[in-house]
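Structural features, examined
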Amino acid sequence: MKRMLSGIKPTGRLTLGNYIGAIRQFIAYQDEYELFVFVANMHAITIPIDPKILRQNSRDMVALYLAAGLDPNKTTLFLQSDLPQHAELGWILTCHSYMGELQRMTQYKDKTAKGETGITAGLFTYPSLMAADILMYDPDFVPVGIDQKQHVELARDLAERFNHRYSDTFVVPQPLVEKVGAKIMSLQNPTKKMSKSEDNPKATIDLLDEPAVARKKILSAVTDSLGVIRYDVEEQPGIANLLTILSALSHEDIDSIIKRYEGKGYGELKQEVAQVVSDFLTDLQAKYHDIVASGSVDDILKAGNERAARIAYKKVAKVKRKLGLSIIK
Ligand code: ATP
Ligand code: LTN
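Structure report, in brief. Not measured: the values here are computed from a predicted model.

A few points about the nonpolar core
Judged by nonpolar contacts, the single largest core of 61 residues is most densely connected at Leu-16, Tyr-65 and Val-277. If one sorts the elements of this core by residue count, helix H12 (residues 266-294) sits on top with 10 residues. Ignoring anything within four residues of it in the chain, the contact list for Tyr-65 reads Gly-7, Ile-8, Ile-23, Phe-26, Ile-27, Val-37, Phe-38, Val-39, Leu-70 and Leu-77. Formed by 33 residues, the second largest nonpolar core is a distinct cluster that contains Leu-5, Ala-131, Val-144 and Ala-308.

Okay, here's the thing in structure tokens:
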């Protein structure tokens, strides 16, 4: 069975973008692949975050993974910070990453270009930690949204560099980016990614938003004044985004949706998207509340941590031997 791994950082409440771009893929692949999914909480501290909020977000993330359909009997679900090997391999790979490589990562580049202050060294080097998260488990594939593809490519480069320098150690992973839904856009500025650290609540659908609130957000999504329903990301990014959301949640092709909307207006499209989103959230949240009430999150994490730790322990021991870091015979 081929292996697959991915994670999300608990920097905020999960959005519909996270679900469509990432979580949905995890669920779809869990029967076909040996899947590892984790809460990337060490990545969440690259920017300041209140410890109470970090704890809550992390627990919610596990419950939402499960509510969305991740089956802990098939998937290894774990918490990154419970495995010290991630930080250990992260440091080792930081020492194999070039400044120039990390400076080219768009997330860092965008923040510095905007003149943001308070950028931590952790934010700069986090792609090396992400490479460690990946290479630790030898996955063949890493399902991510398009914004993370560059980081998986860095992991590939680091794997090849390490294998070449010391001998075969890591599987060289491939990013897996879906065609539909790789980038869900902000509802208020559809040329910008929908993101959980967004300040304007109207711009994102949180997976834990009241369904009625989410409905209103869709109805007030920014569109354009052209009045025709087409999939045109350049000219009509708002409409293209609504079509993508509808297609992802209803499994209907975008082309077929467009045909149904020939001669119809934006109001009708928004009503349908609002309904589909609100039904989706109602169902997801009912499951989420059941999982939280059952108290199963801790046991599932403990079992997942143990399974992941066995692999991580072996991998780091091997890496340390190859580097000349282990000296006791
Ligand atoms: P932050 O705002 O903290 O940067 P984020 O919402 O952008 O967070 P990440 O934790 O960076 O989310 O991403 C988790 C996963 O979800 C990644 O695979 C990422 O590619 C995917 N993802 C995030 N936002 C979107 C989006 N708007 N559309 C599609 N996929 C997304
Ligand atoms: N950096 C990613 C989260 C992340 C990840 C990973 C994704 C951390 N480690 C390993 C896939 C594989 C993010 O910000 N979304």
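Remarks on the environment of Val-171
With respect to the helices and strands, Val-171 occurs in the loop between helix H8 (149-166) and strand E5 (174-176). Under the relative-accessibility criterion, Val-171 is labelled partly exposed at 29%. Ignoring anything within four residues of it in the chain, the contact list for Val-171 reads Leu-135, Asp-138, Pro-139, Asp-140 and Ala-159.

Some points on helix H10 (residues 237-250)
The end-to-end C-alpha separation of H10 is 20 Å, in line with the 20 Å expected for 14 residues at 1.5 Å each. Of the residues flanking the end of H10, it is His-251, one or two places downstream, whose phi is positive at about 60 degrees.

Focus on the site of ligand 1
Taken together, 20 residues are adjacent to ligand 1, and Thr-11, Asp-147, Lys-193, Ser-195 and Ser-197 come closest. Take Lys-9: an N or O atom from its side chain is 3.0 Å from an oxygen atom of ligand 1. With respect to ligand 1, the backbone of Ile-184 contributes an N or O atom lying 2.7 Å from a nitrogen atom. Ranked by the residues each element gives to the shell around ligand 1, the list is headed by helix H1 (residues 16-29), at four residues. Of the residues in the shell around ligand 1, the class split is six nonpolar, nine polar and five charged.

Examining the pattern of salt bridges
In the structure shown here, the tally under the stated rule is 16 salt bridges. Residue Arg-161 is joined to Glu-101 by a salt bridge in which the shortest nitrogen-to-oxygen separation is 2.5 Å. Of this pair, Arg-161 sits in helix H8 while Glu-101 sits in helix H5 (residues 99-103), and the two are 60 residues apart along the sequence. When sorted by exposure, Arg-161 lands in the same class as Glu-101, which is buried. The salt bridge involving Lys-217 is made with Asp-209; its shortest N-O contact spans 2.6 Å. Residue classification places Lys-217 among the buried positions, given a relative accessible area of 8%. Shared partners join several salt bridges into a network, and the residues in it are Asp-31, Asp-71 and Lys-74.

Conventions adopted
Counting starts from 1 at the beginning of each chain's written sequence and moves along it residue by residue. Chains carry letters and ligands carry numbers; both start at the beginning, A for chains and 1 for ligands, and go up in the order they are written. Reporting in this predicted model follows two pLDDT cut-offs: at least 70 for local features of residues, and 80 or more for side-chain atom pairs to be given and counted; totals over whole chains, interfaces and linings ignore these cut-offs and use all residues. Hydrogens and waters are ignored; side-chain quantities use all the structure's heavy atoms. Put simply, buried Ala, Val, Leu, Ile, Met, Phe, Trp, Tyr and Cys residues joined by side-chain atoms within 4.5 Å make one nonpolar core. Throughout this description, buried means an accessible area under 20% of the type-specific maximum (1.4 Å probe, protein chains only), exposed means over 50%, and partly exposed covers the range between. Each helix corresponds to a stretch of at least 4 residues labelled H or I by DSSP, and each strand to a stretch of at least 2 residues labelled E; elements are numbered beginning at the N terminus. Two residues form a contact once any of their heavy atoms are found within 4.5 Å. To estimate the expected span of a helix, count its residues, drop one, and scale the result by 1.5 Å. Proximity criterion: a residue is near a molecule or strand once any of its heavy atoms comes within 4 Å of it. In protein, a polar contact means a hydrogen-donor-capable atom and an acceptor-capable atom, both N or O and within 3.5 Å, with residues adjacent in sequence counting only if both atoms are side-chain atoms; elsewhere, any N or O pair within 3.5 Å suffices. Polarity classes work like this: nonpolar for Ala, Val, Leu, Ile, Met, Phe, Trp, Tyr, Cys and Pro, charged for Asp, Glu, Lys and Arg, and polar for all others, with Gly in that last group. Counted as salt bridges are all cases of a side-chain nitrogen of Lys or Arg within 4 Å of a carboxyl oxygen of Asp or Glu.

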